[in-house]
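Residues per chain are reported as follows:
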Protein chains: 2
Amino acid sequence: MIEEFEKRCPVARGLDRVGDAWSMLILRDAGLGITRFDQFRASLGIAPNILTRRLKALTDAGLLERRRYSEHPPRDEYVLTEAGRDFLPVLLVIGAWGRRHHGKGARRIADAETGRTLEPVVVDRETGRPIESFRVSLVDPEESPQA
Amino acid sequence: MIEEFEKRCPVARGLDRVGDAWSMLILRDAGLGITRFDQFRASLGIAPNILTRRLKALTDAGLLERRRYSEHPPRDEYVLTEAGRDFLPVLLVIGAWGRRHHGKGARRIADAETGRTLEPVVVDRETGRPIESFRVSLVDPEESPQA
């Protein structure tokens with residue numbers, strides 16, 4: 001769905017790979033340890049044909065890797081690639097937003113080891129400043145970087 | 001599209017409001033200062049009927065606010081609400097992912113004031129630790145928080 005003039009936008013590039021709610025919920029479940037078709041289906045209540053299409057799209061886009069775990073009968077499982085794992089923080093930020101604005105009775109996000117509640121927030125890596133405090137622009141790559 | 005058993009998941013709650021690529025690109029454009037129907041249409045190359053539907057959905061979901069800026073002829077513009085502005089960091093993290101994994105020739109994300117390149121990263125607010133280094137779980141609200 002990316003148009004010609006969208007091709008340089010990093011947001012559009014990300015969304016072109018993972019631009020719908022089902023895909024993101026599949027990645028969430030994969031991040032929580034789910035790997036098999038029937039598990040995804042039960043967790044999401046998703047129609048099998050939609051799940052098949054989304055798993056294929058995420059595999060083609062390089063976020064999931066398909067692995068055969070049984071030859072007789074032939075059965076595959078789906079595990080996150082490095083790019084797929086790298087996408088998980090996006091889901092945590094969406095979850096944090098969901099809790100802030102529509103959070104009554106929602107699960108909280110916790111460190112699985114200690115149980116401590118986590119509050120995902122987006123900062124600039126170099127300065128550690130929360131990025132909501134910046135005014136942000138998108139700059140064409142050929143423009144020379146400043147400062 | 002949220003199923004009964006998804007109702008407690010903060011990620012699903014977020015995606016239920018902003019769960020498709022068009023909605024997120026509309027929010028991106030709103031964050032970059034676009035407010036009017038024809039501007040969104042030109043920026044996104046989106047069909048008018050789809051744009052109308054998405055603007056209404058984002059307004060109903062409380063991320064955009066519709067304001068009349070002309071009475072004759074009647075014309076509305078769309079501006080981010082507080083919840084809408086609060087969603088923008090999600091887009092920056094998607095953009096950072098897009099650049100890392102599909103970034104050749106993509107625009108970079110910069111501080112609009114200084115031009116300095118920003119690298120959005122997700123950290124836990126309290127500890128400042130990058131959240132990709134945690135193993136994360138989702139915890140039902142009635143479970144007592146630990147640690």
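Bear in mind the structure is a predicted one, so any value in this text is a computation, not a measurement.

Conventions used here
Residues numbered from 1 in each chain as written. Chains lettered and ligands numbered in written order. Predicted model: local features only at pLDDT ≥ 70, side-chain atom pairs only at ≥ 80, totals over all residues. Heavy atoms only, no water. Least-squares fit on C-alpha atoms with pLDDT ≥ 70 in both. Contact = heavy atoms within 4.5 Å. Axes fitted to C-alpha atoms, helices over the stretch in contact; angles between N-to-C directions. Helix = DSSP H or I, 4+ residues; strand = E, 2+ residues; numbered from the N terminus. Parallel < 35°, antiparallel > 145°, perpendicular 65-115°, else oblique. Nonpolar A, V, L, I, M, F, W, Y, C, P; charged D, E, K, R; others polar. Buried area = accessible area lost by both parts, 1.4 Å probe. Salt bridge = Lys/Arg side-chain N within 4 Å of Asp/Glu carboxyl O. Expected span 1.5 Å × (residues − 1). Polar contact = N/O pair within 3.5 Å; in protein donor to acceptor, adjacent residues only side chain to side chain. Core = buried A, V, L, I, M, F, W, Y, C linked by side-chain atoms within 4.5 Å. Buried < 20%, exposed > 50% of the residue type's maximum accessible area, 1.4 Å probe, protein only.

K.L.:
Help me understand the relation of the copies chain B and chain A, please; the structure alone is not making it clear to me.
P.N.:
Here the second copy of the chain follows from the first by a rotation about an axis and a shift along it. Between the two copies, chain B and chain A, the superposition gives an RMSD of 0.0 Å; the rotation angle is 180° and the shift along the axis is 0.0 Å. Accordingly, the operation relating the two chain copies is best matched by a two-fold axis. Taken as a fraction of all interface residues of chain B, those also at the interface in chain A reach 100%, which identifies the copy contact as same-surface.

K.L.:
Whenever I open this one, the packing of helix 2 (residues 21–31) of chain A against helix 4 (residues 48–60) of chain A confuses me. Can you help?
P.N.:
Two measures define how a pair of helices packs: the angle their axes make with one another and the distance between the axes. Residue and element names in this part refer to chain A. Between helix 2 and helix 4, whose axes approach to 10 Å, the crossing angle comes to 75°. With respect to each other, helix 2 and helix 4 are oriented roughly perpendicular. On helix 4, the residues that touch W22, S23, I26 and L27 of helix 2 are I50, L51, R54, L55 and L58. Residues that form the contact of helix 2 with helix 4 fall into these classes: seven nonpolar, one polar and one charged.

K.L.:
Just to check I follow, could you spell out the interface of chain B and chain A for this structure?
P.N.:
Quoted interface sizes are often the accessible area lost when the parts come together. Contacts between the two partners involve 84 residues from chain B, matched on the other side by 84 residues from chain A. Between chain B and chain A, the buried area comes to about 8,000 Å², and carbon and sulfur atoms account for 62% of it. If you look at where chain B meets chain A, you find eight salt bridges. The partner of R116 of chain B in a salt bridge is E126 of chain A, and the shortest N-O contact between them spans 3.9 Å. It is helix 5 (residues 82–102) of chain B that provides the largest number of residues to the side of chain B that touches chain A, a total of 16 residues. Split into classes, the residues belonging to the side of chain B that touches chain A amount to 43 nonpolar, 17 polar and 24 charged.

K.L.:
What is the right way to look at helix 5 of chain B in this model?
P.N.:
Residue pairs three or four apart in sequence face the same way in an α-helix, which turns once every 3.6 residues. For helix 5 of chain B, which comprises 21 residues, the first-to-last C-alpha distance of 31 Å matches the rise-based estimate of 30 Å (1.5 Å per residue) to within 8%. Regarding helix 5 of chain B, its N-cap is T81 of chain B, as a side-chain oxygen of that residue lies 3.3 Å from the backbone nitrogen of A83 of chain B further along.

K.L.:
I tried to follow the nonpolar core on my own but got confused; where do I start?
P.N.:
Soluble, globular proteins show a tendency: their nonpolar side chains are buried together. Counting 71 residues, the largest nonpolar core has L27, L64 and F87 of chain A together with L27, L64 and F87 of chain B as the members making the most contacts within it. Once residues lying within four places of it in the same chain are set aside, the contact partners of L64 of chain B are I26, L27, A30, L55, L58, T59, Y78, V79, L80 and T81 of chain B.

K.L.:
Explain the pattern of salt bridges here, please?
P.N.:
A side chain with one charge may pair with a side chain of the opposite charge, provided their charged atoms come close. Scanning the entire structure with this criterion turns up 22 salt bridges over all chains. We note a salt bridge from R54 of chain B to D20 of chain B, for which the minimum N-O separation is 2.7 Å. One end of the pair, R54 of chain B, is in helix 4 (residues 48–60); the other, D20 of chain B, is in the loop between helix 1 (10–17) and helix 2 (21–31), and 34 residues separate them in sequence. For the salt bridge of R28 of chain B with D29 of chain B, the shortest nitrogen-to-oxygen distance reads 3.0 Å. Classification of R28 of chain B as buried rests on a relative accessible area of 8%. Three or more residues are tied together by salt bridges with common partners; here these are R66, R68 and D76 of chain A.

K.L.:
Where do I start with the side chain of E77 of chain B in this structure?
P.N.:
Residue and element names in this part refer to chain B. Counting through the fold element by element, E77 comes out in strand 2 (residues 75–80). A distance of 3.3 Å separates a polar atom in the side chain of E77 from a polar atom in the side chain of T35. Once residues lying within four places of it in the same chain are set aside, the contact partners of E77 are T35, R36, E65, R66, R67 and Y69.

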